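Take a look at the letters that make up each chain.
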Amino acid sequence: MWNRQQVKEQAKQIMKRNYWKMFLVTLIAGILCAEYVDLIQVVEDFIPDNVLPSMFSSILTILSGGFSIFIGDVIRVGEHNYFIKNHYGNPALNEIFQGFKGNYLNVVKIMLIMELKMMLWLLLLVVPGIIKAYEYSMIPYLLAENPNLSASEAFSLSKQMTTGQKADLFVLDLSFLGWIILGALCCGIGLLFVQPYPEATKAEVYLILKQKI
């Protein structure tokens, strides 16, 4: 139904017209989704145990988890929303915050359920966990376009879209490995400039797979 080379070429064409805005979106998403949580963890690790009370350490851990659930996951959905709309034109940067404007709590709930399910599958068995991760991979895109979906609808639609596609999605991720290594060689900074490429490509795949439902 879709060809890896074709979707990557389509992503490259989109990058030619709109790369720097795409770069800013992935940069903002990376900062808000990961670096804030990492900063809390760095503070916790940096302060000695005899200085940082265990209760305060627990509070930092709760803050980190709460930020990921109520902010980070919603930003990820907004990032997917931007890249979906980027297929059609030149969306505004604030599309990344779209998840806060719709059915916010529903987005939070479904993303949390998805992550808990993935974690449980990975704890049970690694390979089935990876398979389930690909089965759930369309959920953030579905929520980006329809934040009012129920959890059962989101999981069912993502399963329909990825049935028979998981191996191809896995190979697609592997195909970016060279770019990731190249970016990592540049003191890791190069990864920031590479990230729009896989994000744009996966949005193209989503738009194709959506035709199945």
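If you're wondering where the values come from, they're calculated on a predicted model, not measured in any experiment. (Residues numbered from 1 in each chain as written. Predicted model: local features only at pLDDT ≥ 70, side-chain atom pairs only at ≥ 80, totals over all residues. Heavy atoms only, no water.)

Peer 1: Please explain the overall build of the chain as it appears in this structure.
Peer 2: The helix and strand inventory of the chain stands at 10 helices and zero strands. Reading the chain from its N end, one meets helices and strands in the order α-α-α-α-α-α-α-α-α-α. For the chain, buried positions account for 39% of its 213 residues. Residue pairs at least 24 apart in sequence account for 76% of intrachain contacts in the chain once pairs closer than 6 positions are excluded. Carbon together with sulfur atoms contributes 67% to the accessible area of the chain, which is approximately 11,500 Å² in total. (Helix = DSSP H or I, 4+ residues; strand = E, 2+ residues; numbered from the N terminus. Buried < 20%, exposed > 50% of the residue type's maximum accessible area, 1.4 Å probe, protein only. Contact = heavy atoms within 4.5 Å. Areas by Shrake-Rupley, 256 points an atom, 1.4 Å probe, with all protein chains shown as cover.)

Peer 1: Mind showing me how you'd approach a nonpolar patch on the surface here?
Peer 2: Together, L122, V126, V127, I130, I131, F170, V171 and L174 make up an exposed nonpolar region whose accessible area comes to about 660 Å². Mapped by element, the contributors of at least two residues to the nonpolar patch are α4 (126-135) and α7 (166-174). Per-element accounting of the nonpolar patch gives the leading share, four residues, to α4. Following the sequence through the fold, V127 ends up in helix α4. Classification of V127 as exposed rests on a relative accessible area of 56%. (Patch = residues over 30% accessible without salt bridge, like charges linked within 9 Å, V, L, I, M, F, W, Y side chains within 5 Å. Salt bridge = Lys/Arg side-chain N within 4 Å of Asp/Glu carboxyl O.)

Peer 1: What should I look at first to understand the environment of I28 in this one?
Peer 2: With respect to the helices and strands, the residue I28 is situated in helix α1 (residues 4-46). Taking the C-alpha atoms as reference, I28 lies 9.0 Å from I75; in sequence the two are 47 residues apart.

Peer 1: Help me out: how do you make sense of the pattern of salt bridges in this one?
Peer 2: For side chains bearing opposite charge, pairing can occur when the charged atoms are close. Tallied over the entire structure, the rule returns five salt bridges. Note that K210 is salt-bridged to E145, the shortest N-O span being 3.1 Å. Here E145 lies in helix α5 (residues 139-145) and K210 lies in the segment after α10 (196-209), a separation of 65 residues in the sequence. With relative accessibility at 37%, the residue E145 sits in the partly exposed group.

Peer 1: Hey, could you run me through the nonpolar core in this one?
Peer 2: Nonpolar side chains tend to gather and get buried jointly when the protein is soluble and globular. In this structure, I139 and Y206 are the most contacted members of the largest nonpolar core, which totals 46 residues. Counting only elements with at least two residues in this core, the list comes to α1, α2 (54-86), α3 (104-124), α5, α6 (151-162), α7 and α10. Sorting elements by how many residues they give to this core places α1 first, with 10 residues. In this structure, I139 is in contact with I110, M114, A154, F155 and S158, ignoring residues within four places of it in sequence. (Core = buried A, V, L, I, M, F, W, Y, C linked by side-chain atoms within 4.5 Å.)

Peer 1: Would you explain the packing of α3 against α4 in this entry?
Peer 2: Any two packed helices are characterised by how steeply their axes cross, that is the angle between the axes, and by the distance between the axes. Axis separation between α3 and α4 bottoms out at 6 Å; the angle between their running directions is 155°. Considering the angle they form, α3 stands roughly antiparallel to α4. The hand of the α3/α4 crossing is right-handed. Packed against α3, whose contacting residues are M118, W121 and L122, the element α4 presents V126, P128, G129, I130, K132 and A133 at the interface. (Axes fitted to C-alpha atoms, helices over the stretch in contact; angles between N-to-C directions. Parallel < 35°, antiparallel > 145°, perpendicular 65-115°, else oblique. Left-handed = near helix turned anticlockwise from the far one by under 90°.)

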